[in-house]
Amino acid sequence: MTDLTSFIAGLPKAELHVHHVGSASPRIVAELAARHEGSSPVPADPARLADYFEFRDFAHFIEVYLSVVDLIRDDEDVRLLTYEIGRELARQNVRYAELTVTPYSSVKRGIAAKAFCEAIEDARAGAARDFGVELRWCFDIPGEAGLPSAEETLRIALDERPDGLISFGLGGPEIGVPRPQFKPYFDKARAAGLHSVPHAGETTGPQTIWDALTDLGAERIGHGIAAAQDERLMAHLAERQIPLEVCPTSNLRTRAVADLDEHPIARLVAAGVPVSVNSDDPPMFGTTLEQEYATAARLLKLDVDGVTDLARDAVRHSFRSPEGKTALLAEIDAYRAAQG
Ligand SMILES: O=c1[nH]cnc2c1ncn2[C@@H]1O[C@H](CO)[C@@H](O)[C@H]1O
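Notes on the structure in this doc start here. Everything numeric in this text was worked out from a predicted model, so none of it was measured.

What follows covers the pairing of strand β2 (residues 94-101). Where burial is concerned, most of β2 is hidden: seven out of the eight residues are buried. Pairing geometry for β2 and strand β3 (residues 134-142), over six bridges, is parallel. The residue bridging Thr 100 from the neighbouring strand is Cys 138, located in β3.

Dropping the structure here:
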């Protein structure tokens, strides 16, 4: 196992499903909380954060998530947070990451859209220069904030159009937030050349995934684990090669699954559904991308070659340029070959 752990650590990787604020390190969260002590429920002591990040259910997780979002008050906070995410990804040998960013939440809290986009782009340039990691953005609609947030997210995406923006998403709760209502916004985002990557089938059943495919033109599905409850849907995803972005520990920690051993990833893979393995909100869930690879290796009974294939699949499912994909695949192959 130690061998596999160190193999995973050194493996060049792509991360396709990781949230911006959900990637803030405990040190940064605690620092921000200390700055706003008295006005925030978030503990200013990093040692107490683990308890704070203990979630009763998905709704509680979103409540806690938004309390951390509340700590980010200006574009300097955004710049620092984003740059530090780049550092942590690079530490794990992630070369390319699609980061889900929710501009609406920050704009609503008083950061101008232009300043927000400049901050993430500055961090993107800094992360490429200083850490050798390529960051790309998925701007997501926070589902709980409804259609006004969809309107505003689309407006920011199209008016600001930061260089790193490649896709349009939909996050937050699924219960009480039907996907079809967001169709007009996804239509416009897709017409403008953005890829469609909504969350679906994380906390509700397969119908939500069907809706994401039919109404939102999903090219990949965030989570999508409920597909395992529907043979026809799994066959459809396999036939069309529509990948799921699977985040095992997240599903455990938000209590979408009761036990990792009950996680449907193996059933999905057995049905031929393309999957990548991702970390979602790593410090909040007490995980890392490396740990997610190790967990997937255990659940899928993978050896070094199987884990290498997982890394390759994430690159293939990504929206990186063809040259970028070829280069990263070659780097993965060279790493595998050098390990004997
Ligand atoms: O696992 C997740 N599922 C859905 N949304 C999530 C998850 N992790 C973080 N967010 C974030 O929750 C906020 C509120 O909608 C959004 O910012 C979304 O990106």
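In this section: the site of the ligand. Near the ligand, the surroundings consist of 16 residues, among which Thr 102, Asp 140, Glu 144, Glu 202 and Asp 281 are the closest. In this structure, His 223 approaches the ligand through a side-chain N or O atom, which is 3.4 Å from an oxygen atom. Between the ligand and the protein, one listed contact pairs a nitrogen atom with a side-chain N or O atom of Asp 281 at 2.7 Å. Those elements that place two or more of their residues in the shell around the ligand are α4 (58-69) and β3. Ranked by residue count, the leading element in the shell around the ligand is α4, at four residues. Along the lines of polarity and charge, the residues of the shell around the ligand split into five nonpolar, six polar and five charged.

Below, the discussion takes up the nonpolar core. By size, the foremost hydrophobic cluster in this structure holds 107 residues, and its most contacted members are Phe 139, Leu 213, Ile 221, Leu 244 and Tyr 293. Once residues within four sequence positions are removed from consideration, Phe 139 is found in contact with Val 101, Pro 103, Cys 117, Ile 120, Thr 153, Ile 156, Ala 157, Pro 162, Leu 165, Ser 167, Phe 168 and Gly 169.

Take the environment of Tyr 83 next. By the element assignment, Tyr 83 lies in helix α5 (residues 75-91). Under the relative-accessibility criterion, Tyr 83 is labelled partly exposed at 22%. Through-space distance from the C-alpha of Tyr 83 to that of Asn 278 is 20 Å; in sequence the pair is 195 residues apart. For Tyr 83, the residues in contact, after removing those within four places along its chain, are Ala 123, Gly 126, Ala 127, Asp 130 and Phe 131.

In terms of burial, strand β1 (residues 13-19) is largely enclosed, as seven of its seven residues are buried. By the bridge criterion, five bridges tie β1 to β2 in an arrangement that is parallel. Residue pairing for β2: Lys 13 is matched across the bridge by Val 94.

Glancing now at the packing of aromatic side chains. Under the criterion given, the structure shown has ten aromatic pairs. Here Phe 58 and Phe 61 contribute two aromatic rings whose centre-to-centre distance is 5.8 Å and whose plane-to-plane angle is 55 degrees, an arrangement assigned as tilted. Of the two residues, Phe 58 and Phe 61 both sit in helix α4, three residues apart, roughly one turn of that helix. Taking 4.9 Å as the distance between ring centres and 45 degrees as the angle between the ring planes, the aromatic pair formed by Tyr 83 and Phe 131 counts as tilted. Remark: Phe 131 occurs in helix α7 (residues 113-131) and Tyr 83 occurs in helix α5; sequence separation between them is 48 residues.

Cut-offs used in this document
Residues numbered from 1 in each chain as written. Predicted model: local features only at pLDDT ≥ 70, side-chain atom pairs only at ≥ 80, totals over all residues. Heavy atoms only, no water. Buried < 20%, exposed > 50% of the residue type's maximum accessible area, 1.4 Å probe, protein only. Helix = DSSP H or I, 4+ residues; strand = E, 2+ residues; numbered from the N terminus. Pairing = 2+ DSSP bridges. Near = heavy atom within 4 Å. Polar contact = N/O pair within 3.5 Å; in protein donor to acceptor, adjacent residues only side chain to side chain. Nonpolar A, V, L, I, M, F, W, Y, C, P; charged D, E, K, R; others polar. Core = buried A, V, L, I, M, F, W, Y, C linked by side-chain atoms within 4.5 Å. Contact = heavy atoms within 4.5 Å. Phe/Tyr/Trp six-rings, centres within 6.5 Å; stacked < 30°, edge-to-face > 60°.

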